[in-house]
Amino acid sequence: MTGGLKDGETEEEYPHSPFIRKQGNIYKPNNKDMDNDSLNEKTLEDVHTKEIDLVNRDPKHINDDVVKVDFEDVIAEPAGTYSFDGVWKASFTTFTVTKYWCYRLLTALVGIPLALIWGIFFAILSFLHIWAVVPCVKSYLIEIHCVSRVYSICVHTFCDPLFEAMGKCLSSVRVRMTKEV
């Protein structure tokens, strides 16, 4: 049991000590003593523990063209019809702050229940796709393969000779068009 002993220890000091790995564990071994080629396992990132980006909350740009509504997109004064500068500034501030806090209030009240509903919906959708749709499609493709082979045999047996015979019969037909004045 010398493999389980630490440096400088002898077997007499710990006669019944368990085997202790120098590095790693039995699930994700990363011992330097082991061959690196045998350790080429892919580590999967758990989606439940991944970090959330609080700065860029739309990394895939899903809502770029839909929800980007600023004050200038809604209210604009053409040249020659300007309101007072104070009214314009107050309107801008009122619009921006109202939109900001109303959105925050709605997400606080409705966001978590909707996230729960959408989570359940997409879980059901994933379940149905994985356990119902894909197996049905695969089953259909297996069954239709048998039908397509029978259909192919019938076409090659009955239709091919018929069309070949018609082609040979009509291959000697010549059409000549003349224009009479």
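Notes on the structure in this doc start here. Numbering of residues starts from 1 in each chain and follows the order in which that chain's sequence is written. Selection of residues for local features in this predicted model requires a pLDDT of at least 70, selection of side-chain atom pairs for listing and counting requires 80 or more, and totals for whole chains, interfaces and linings are taken over all residues. Hydrogens and waters are ignored; side-chain quantities use all the structure's heavy atoms.

1. Quick look at the overall build of the chain
Turning to step 1, where the next piece is worked out: Scanning the chain from terminus to terminus reveals two helices and zero strands.
Turning to step 2, where the next piece is worked out: To sort residues, take the accessible area from a 1.4 Å probe on protein chains only and compare it with the maximum for the residue type: under 20% means buried, over 50% means exposed, and anything in between is partly exposed. Scored against the burial criterion, the 181 residues of the chain give a buried share of 4%.
Turning to step 3, where the next piece is worked out: Contact definition: two residues touch when any of their heavy atoms are within 4.5 Å. The long-range share in the chain, meaning contacts at least 24 apart out of those at least 6 apart in sequence, stands at 11%.
Turning to step 4, where the next piece is worked out: Using the Shrake-Rupley algorithm and a 1.4 Å probe, accessible areas are obtained, with residue cover drawn only from the displayed protein chains. In the form shown here, the chain has an accessible surface area of approximately 17500 Å², with 64% of it arising from carbon and sulfur atoms. A helix here means a DSSP run of H or I that spans at least four residues, while a strand means a run of E at least two residues long, and both kinds are numbered starting from the N terminus.

2. Points about helix H2 (residues 85–170)
Turning to step 1, where the next piece is worked out: Spanning 86 residues, H2 covers only 89 Å between terminal C-alpha atoms, well under the ideal 128 Å at 1.5 Å per step.
Turning to step 2, where the next piece is worked out: A residue's bend is given by the angle between axes fitted to the 7 residues ending at it and the 7 residues starting at it. At Val-110, H2 is bent by approximately 50 degrees, the largest bend along its length, and proline Pro-113 sits one to four residues beyond. Each residue after the first adds 1.5 Å to the expected span of a helix.

3. Things to note about unusual backbone geometry
Turning to step 1, where the next piece is worked out: Its identity is not glycine, yet His-61 carries a phi of approximately 55 degrees, on the positive side.
Turning to step 2, where the next piece is worked out: Summarising the element assignment, His-61 is placed in the segment before helix H1 (71–74).

4. As for the state of the cysteines
Turning to step 1, where the next piece is worked out: Note on terminology: pairs of cysteine sulfur atoms within 2.5 Å are recorded as disulfides. On inspection of all chains with the given rule, the structure shows zero disulfides.
Turning to step 2, where the next piece is worked out: Looking at Cys-159, it has no disulfide partner, and the nearest cysteine sulfur is the one in Cys-154, 8.6 Å off.

5. As for the packing of aromatic side chains
Aromatic rings considered in pairs are described by the distance between their centres and by the relative angle of their planes.
Turning to step 1, where the next piece is worked out: Each Phe, Tyr or Trp ring, with Trp reduced to its six-membered ring, pairs with another whose centre is within 6.5 Å; inter-plane angles below 30 degrees give stacked pairs, above 60 give edge-to-face pairs, and intermediate values give tilted ones. Throughout the structure, instances matching the rule amount to seven aromatic pairs.
Turning to step 2, where the next piece is worked out: A ring has a charge above it when a Lys NZ or an Arg CZ is no more than 6 Å from the ring centre and no more than 35 degrees off the ring normal. The residue whose ring lies beneath Arg-104 is Trp-101, and the NZ or CZ to ring-centre distance is 5.7 Å.

6. Remarks on the side chain of Asp-58
Turning to step 1, where the next piece is worked out: Among the secondary structure elements, Asp-58 is positioned in the segment before H1.
Turning to step 2, where the next piece is worked out: Contacts of Asp-58, omitting those with residues within four sequence positions, involve Asn-63 and Asp-64.

7. Re a nonpolar patch on the surface
Turning to step 1, where the next piece is worked out: Patch membership is restricted to residues that have no salt bridge and whose relative accessible area is over 30%. Joining uses 9 Å for like charges and 5 Å for the nonpolar side chains Val, Leu, Ile, Met, Phe, Trp and Tyr. Take a side-chain nitrogen of Lys or Arg and a carboxyl oxygen of Asp or Glu: if they are within 4 Å of each other, that pair is a salt bridge. On the surface, Leu-105, Leu-106, Leu-109, Val-110, Leu-114, Ile-117, Trp-118, Phe-121, Phe-122 and Leu-125 cluster together into a nonpolar patch covering about 990 Å² of accessible area.
Turning to step 2, where the next piece is worked out: Relative to the helices and strands, Val-110 resides in helix H2.
Turning to step 3, where the next piece is worked out: Among the residues examined, Val-110 registers a relative accessible area of 36% and is labelled partly exposed.

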